[in-house]
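Each chain, letter by letter, is given below.
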Amino acid sequence: VGDSLPDTPYVLLTPSQARLVGDASVGLALNTDSFQEMTYAAIGGYFELLQRVLAPGGLFYCVNEENCTKIEGQPIEFDRYPWPAAWETALDRPFAYSGAVSGHRHCERVSRVPGGAPGAAPAPSPQS
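A brief report on the enclosed structure follows. Source: prediction; values computed, not measured.

### Some remarks on unusual backbone geometry
Residue Ala24 is not a glycine yet carries a positive backbone phi of 50°. Following the sequence through the fold, Ala24 ends up in the segment before strand S1 (26-32). Judged by its relative accessible area of 35%, Ala24 is partly exposed. Even without a glycine there, the phi angle at Asp33 is positive, about 50°.

As C-alpha cells, this is what we get:
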C-alpha cells in the first residue's frame, strides 16, 4: 500500500497504515477471533479507530469468544468491549457454528453507526 490507498473496494492494512483511512469512509468493518486475545486497552484503540472511520450508517461485524482466558489472569469478555453507546445493535447472539467447530463459546454482534441509510455505502474518499 505504501503511503496511499489503492482505488480498490477492499484493502488489508497494518496497524501503522490505519492513518491512511479517511474519516467516515468505511461502510463495513469486520473483526473475527482477534479481540479475544488482546487487552482491553488494545481493544479500545481499535474501537477509537472504528468510531473515526465508519461512515454514518456503517456496520461493524464482530465475532469473538464470549469469555477468553488466553491472557493469564486477564479474562477478556465480549460484553465488556467498549461498544459505543450511540451505535445501534442490529444483531447480538451466540455464534453456534464456532462452538461446534472449536469447542469455545462465541458471540456475534452487528452494530450500526447512527445516521445515513442502514448499510449504505459511504461516499468515496479522495485519494492523496
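That shown, we press on.
### So, the nonpolar core
In this structure, Phe35, Phe47, Leu54, Phe60 and Tyr81 are the most contacted members of the largest nonpolar core, which totals 21 residues. No other element matches helix H1 (residues 40-53), which puts 4 residues into this core. Non-local contacts of Phe35, meaning those with residues more than four positions away in its chain, are made with Ile43, Tyr46, Phe47, Phe60, Cys62, Asn64, Ile76 and Tyr81.

### Details of the packing of aromatic side chains
Working definition: an aromatic ring pair is given by the centre-to-centre distance plus the angle between the planes. Applying the stated criterion across every chain yields a total of 13 aromatic pairs. Ring plane angle 45° and centroid distance 6.2 Å describe the contact between Phe60 and Trp83, whose orientation is recorded as tilted. Here Phe60 is found in strand S2 (residues 54-65), whereas its partner Trp83 is found in the loop between strand S4 (76-77) and strand S5 (88-94), with 23 residues between them in sequence. Judged by its relative accessible area of 1%, Phe60 is buried. Since its relative accessible area comes to 16%, Trp83 is described here as buried. With centroids separated by 6.4 Å and ring planes inclined at 70°, the aromatic side chains of Phe95 and Tyr97 adopt a geometry described as edge-to-face. Judged by relative accessible area, Phe95 falls into the partly exposed class, the value being 23%. Ring pairs connect the aromatic residues Phe35, Tyr46, Phe47, Phe60, Phe78, Tyr81, Trp83 and Trp87, which therefore count as one cluster. Looking at Arg109, its charged tip hangs above the ring of Trp83, at a distance of 4.2 Å from the centre.

### A look at the pattern of salt bridges
Counting across every chain of the model gives 9 salt bridges. The residue Arg52 makes a salt bridge to Asp23 at a minimum N-O spacing of 2.7 Å. You can see Arg52 sitting in helix H1 and its partner Asp23 sitting in the segment before S1, a full 29 residues away along the chain. Using a relative accessible area of 32% as the deciding quantity, one classes Arg52 as partly exposed. Residue classification places Asp23 among the exposed residues on the basis of a relative accessible area of 57%. When the shortest N-O distance is used, the salt bridge between Glu108 and Arg93 registers 2.6 Å. In this pair, Glu108 sits in strand S6 (residues 106-112) while Arg93 sits in strand S5, placing the two residues 15 residues apart along the sequence. A relative accessible area of 5% means that Glu108 is categorised as buried.

### Thoughts on the side chain of Gln36
Turning to its location among the elements, Gln36 is positioned in the loop between S1 and H1. The class of Gln36 is buried, set by a relative accessible area of 3%. A distance of 2.6 Å separates a polar side-chain atom of Gln36 from the backbone nitrogen of Glu65. Not counting chain neighbours up to four residues away, the residues in contact with Gln36 comprise Asn64, Glu65, Cys68, Lys70, Ile76, Tyr81 and His106.

The rules behind the values
In this convention, every chain numbers its residues from 1, walking through the sequence in written order. Only residues with pLDDT of at least 70 are given local features in this predicted model, and only at 80 or more are side-chain atom pairs given and counted; all residues enter the totals for whole chains, interfaces and linings. Note: side-chain values were computed over all heavy atoms of the structure, leaving out hydrogens and water. A run of H or I in DSSP counts as a helix once it spans at least four residues, and a run of E counts as a strand once it spans at least two, with each numbered from the N terminus. To sort residues, take the accessible area from a 1.4 Å probe on protein chains only and compare it with the maximum for the residue type: under 20% means buried, over 50% means exposed, and anything in between is partly exposed. Think of a nonpolar core as a cluster: buried Ala, Val, Leu, Ile, Met, Phe, Trp, Tyr and Cys residues, connected wherever their side-chain atoms sit within 4.5 Å. Only heavy atoms matter for contacts: two residues are in contact if any of them lie within 4.5 Å across the pair. We call Phe, Tyr and Trp rings a pair once their centres come within 6.5 Å, taking the six-membered ring for Trp, and we label the pair stacked below 30 degrees between planes, edge-to-face above 60, and tilted otherwise. We call a charge positioned over a ring when the NZ of a Lys or the CZ of an Arg lies within 6 Å of the ring centre and within 35 degrees of the ring normal. Basic side-chain nitrogens of Lys or Arg form a salt bridge, by our definition, when they fall within 4 Å of a carboxyl oxygen of Asp or Glu. Here a polar contact is taken to be a pair of N or O atoms separated by no more than 3.5 Å, where protein atoms must pair a possible hydrogen donor with a possible acceptor and residues adjacent in sequence count only if both atoms sit in side chains.

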